[in-house]
Amino acid sequence: MPHRTFFFFIFPSILAMVLFITLPIVSVVVQSLFVQHEAVLITVENCDPFGCSEQTRVDTEAMAKLEAEQPLGQFAGFSNYLNRNHLAVDEIGAIFADNQGFGDIVSRIFNLPFYKALSFTLVYCFLVTPLAMGLGFAIALAVNTLPGLLKGPTIFVSILPMIITPLVGSLILAWMFNPSGILGASLQSLTGDPGLSLRASPVLTWIVLLVYGVWTNGPFSFVVFYAGLQTVPQDTVESAKIDGASRWEVIRHVIIPHLAPLATFVALVQLMDNFRVFEPIVGFSAEANATSLSWLVFNDLVGQDSQLFGSAAATSVITIVGVLILLAPVLRRTWREFNQKAV
Amino acid sequence: MSVATRRPAALNALILAFLVIWVIAAAFPFAWTVWGSFKVEADFFSRQSWWMAIEGTRTQAQTGSAFTLAGYEGAWVKNEFWKAAINTLIVTLSVTIISLTIGTLGGYALARSGYRYAFWILIAALIFRAMPHITLVSGYMLPFFQLNIWGVLPTTIIVLVAINQPFTLWMLHSFFLSIPKDLDESAMVDGCTRFQAFRMVIIPVMWPGVITTGLFSFLLGYNDFAVTSMLLAQENQTMVPKIASFLGSIQNEGNVMFAVAAVVSATVPLFILVLFFQRQIVSGLTAGAVKG
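Reading guide: rules and limits
Residues numbered from 1 in each chain as written. Chains lettered and ligands numbered in written order. Predicted model: local features only at pLDDT ≥ 70, side-chain atom pairs only at ≥ 80, totals over all residues. Heavy atoms only, no water. Helix = DSSP H or I, 4+ residues; strand = E, 2+ residues; numbered from the N terminus. Buried < 20%, exposed > 50% of the residue type's maximum accessible area, 1.4 Å probe, protein only. Contact = heavy atoms within 4.5 Å. Lys, Arg positive; Asp, Glu negative; His and termini not counted. Charge placed at Lys NZ, Arg CZ, Asp CG, Glu CD. Buried area = accessible area lost by both parts, 1.4 Å probe. Salt bridge = Lys/Arg side-chain N within 4 Å of Asp/Glu carboxyl O. Polar contact = N/O pair within 3.5 Å; in protein donor to acceptor, adjacent residues only side chain to side chain. Axes fitted to C-alpha atoms, helices over the stretch in contact; angles between N-to-C directions. Left-handed = near helix turned anticlockwise from the far one by under 90°. Nonpolar A, V, L, I, M, F, W, Y, C, P; charged D, E, K, R; others polar. Expected span 1.5 Å × (residues − 1). Bend = angle between axes of the 7 residues up to and from the residue. Pairing = 2+ DSSP bridges.

Colleague: Looking at this structure, how should I read the overall build of chain A?
Modeller: Helices and strands together make up the secondary structure of chain A, namely 15 helices and four strands. Taking the principal axes of the C-alpha coordinates as reference, chain A spans close to 100 × 70 × 45 Å. Across the 343 residues that make up chain A, the buried fraction comes to 48%. Summarising the internal contacts of chain A: among those between residues at least 6 apart in sequence, 67% fall at separations of at least 24. Positive and negative charge centroids in chain A, built from 16 and 23 side chains respectively, lie 17 Å apart.

Colleague: How should the interface of chain A and chain B be read in this particular structure?
Modeller: Many structure descriptions define interface size as the accessible area lost when the parts assemble. Between chain A and chain B, the contact holds 94 residues from the first and 102 residues from the second. Together, M1(A), F9(A) and W175(A) form the three largest contributors to the area buried by chain A at its contact with chain B, with a combined 9%. In this structure, the connection of chain A to chain B is made through one salt bridge. Notably, a salt bridge pairs D273(A) with R129(B), separated by 3.2 Å at the nearest N-O pair. Counting across the chain A and chain B interface gives 14 residue pairs in polar contact (both at pLDDT 80 or more). Ranked by residues supplied to the side of chain A that touches chain B, first place goes to helix α1 (residues 3-31) of chain A with 19 residues.

Colleague: How do you make sense of the packing of helix α9 (residues 133-147) of chain B against helix α10 (residues 153-177) of chain B when you look at a structure like this?
Modeller: Each pair of packed helices can be summarised by the angle the axes make with each other and by the distance between the axes. Residue and element names in this part refer to chain B. Two numbers describe how α9 lies on α10: the axes approach to 12 Å, and their chain directions differ by 145°. The interaxial crossing formed by α9 with α10 has right-handed handedness. Across the interface between the two elements, H133, L136, Y140 and F144 from α9 touch T155, V159 and I163 from α10. Split into classes, the residues belonging to the contact of α9 with α10 amount to five nonpolar, two polar and no charged.

Colleague: Can you help me understand helix α10 (residues 202-229) of chain A in this one?
Modeller: Two residues of an α-helix separated by three or four positions point the same way, owing to the 3.6 residues in each turn. Residues and elements named next belong to chain A. For α10, spanning 28 residues, the distance from its first C-alpha to its last is 39 Å, which sits close to the expected 40 Å at 1.5 Å a residue. Taken as a whole, α10 carries its principal kink of about 30° at N217; the proline P219 stands between one and four residues after it. Among the 28 residues of α10, 24 are classified as buried, and the element is accordingly described as predominantly covered.

Colleague: Looking at this structure, I do not really get the environment of V23(B). What am I missing?
Modeller: Positionally, V23(B) belongs in helix α2 (residues 9-36). With relative accessibility at 26%, the residue V23(B) sits in the partly exposed group. C-alpha separation for the pair V23(B) and A111(B), spaced 88 residues apart in sequence, amounts to 39 Å. Setting aside residues no more than four positions away along its own chain, V23(B) makes contact with T154(A), V157(A) and F28(B).

Colleague: Looking at this structure, how should I read the pairing of strand β2 (residues 41-48) of chain A?
Modeller: Walk down a regular strand and you will see the side chains alternate between the two sheet faces. Residues and elements named next belong to chain A. For β2, a buried count of zero out of eight residues is recorded, marking the element as mostly open to its surroundings. Of the pairings in the sheet, the one linking β2 to strand β3 (residues 51-58) comprises eight bridges and is antiparallel in character. Note that in β3 the partner of V44 across the bridge is Q55. Joining the antiparallel neighbours β2 and β3 is a turn of two residues.

Here it is in C-alpha cells:
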C-alpha cells in the first residue's frame, strides 16, 4: 500500500490517539511539575453594633485572577513526586534512620499512602493473574468433558462475571459480603466473631478483593484456553496414551505445552488490566484498608472544589512508568524479533 | 469420545462437583441480587437471617406483598435513572459506531501495509492499550476545563473512542489479516480504487469481524467508570457513574435498595447481549489470542 493511501486510511485513528492519548500523557507530565496556588488570604475588619473584629478569609477574587493567569498553578519542580503523598523520600529516610526492626519499617512504610497503594496494586496484579489463569484452565478442562448439550449454558454462565461492569460486579459482591448480607452474615456465624466485617478487618478486605479479582478474571482465561483445547492435535494425545501416559501426564506434557503461547498472551493482557485495578476499591468501599494507584489518582481528582491536579498527575506519571516496566520484557522481545526479521 | 468412556467414575464426580461449584459461584450473585432487588432493605440486608430475603417477611409486612417495585420506582422515577439510561444509550452507540468507522479504516491500512511504520504504530497501540484510563483522565481534566468542553456527552464520546482505538485497531487488524490480499488486489485490477475495494469487496466479507469488534467497543463504553465519572457533569451522567453517586447520598438516607435496583437494571442489557452474541464474544476473545 502506498504511503499516501496508508496515511489517508489511518489518519482519523491516529488523530484520535494523538489528541486523546499522547497529548494527555504530555499534559500529565507537565501538570505533575506544578502545585495548586496557595490560598490568597486577606484580612477584613467586620464592624457591627457590638464592635469591630478582624477576620481572615480567602480572597476569592484574587484567587480567580491568579488561576486565570496561571491555570497550572505554581511551578514546583519535582516536589510533587517527593512529598509525603508520593515517594515520601524524607519519610522513608527517617524510617530507615530510626526504627525498631524490620516489622516496624514495613508497617510504617505501609502507612504512607503511595506505598500502601503500590503494595496492594502489586499484590493484586501478581496474585490474581496466576490464580485466575489456573481457575480458567481448570474450568476449560472440565467444560471440555461435558456433553454438547450442557456446554452452551455452562459457557453462558461462565462468561457473566467477566462481561459485567466492574463497578456493578464489585457492588453485587460487596452487598453480599456486607455484615447483614448473605455471605457476610454467614462468615460471622461461621467464625463466631460478630464483629467481623470488611470495614473492621484489613485482611478480610484484601482476601475479598482478591476473590473478586479471580472471580471476574477467571472467565477470560477460561474462554481463551477452552478455544485452545479445541485445537490440541488429537493424534499426539492418542499416541501419548498408547505410549502409556496417564491422564495427568497427557495434560502436563501435551496440553500445557500446546497452550503455552496462549498463556503468555493471557498473562500479558491480565497483568495490564489488573495493574489498573480501581473499580473494586470504590465498589467495596475498601479505601480504608486497601487502595490502588488508580484509586489515588481518582481520589485526588474527585475533590469537589480543590482538585489536586499536580498530585494526581505525579501519581499518574509514576503509574505510567510502572506500566512501562511491566511491559518491558514484551517490548524487548518484540524489538529483538523485529530486528532479526529485518536482518 | 473414546476419552470420555474410559474416565473413572470418581474423576467424573470430581469434575462435575467442581463445575457445579463454579456455576454457582458465577451465577448465584446475580440471581441473589435480582431476587433481592424486589424486597425491602430489611429483608435484603436482614440482620436476623438471610432466609428472610427469600421469603420476604418484612416486605410482606411493609408493603402487603412478597415482592415490591419500590426500589425500581425510587431509582427510575424519583432519582431519574431513566435520564442516565438514555445518556448511556447515546454514549455507547456513538462510541461503537465511531470506533468501528475509523477503526476499520485504520485496521485495514495496518493489515495491508508492509512498511516498518505500520509495525511501530501497532507497538505504540499496545503500549497505549496498557495505560490505566484514569491516568489519561487526569491529563484531560485541566485542558477540558480551560477549553470549556468539560461535562458534556460529545467530549466523553470522543475520549472513549480514542481510548478504545488501540484495542479496536489490534483486533480489526488481525481480522483483516485473515482475509486474502488477492481479494482486494483483484478488485483493484478490475478498476476499483483502494477505497472502493475496501468498501465494496472487503467490508462485506468482514462483517463477522466488525460485529465482534463492535461488541467489545460497546462493552468498553458501557462498562467504563473512570472516564464517565470524571468527565461528565452531574446532569449528564451515564448509568455507571449514576450508580456510584447513589452510593454516597442515597445509601445514607437508607435507600440502598434504589442502588440495588439500579445495579440490576444496568445488568439486564449485558445479559441480553451475552444471550444473543455468546458465540461472537467467545470468537472475539479467541481471535485476539490466537493472532495477537
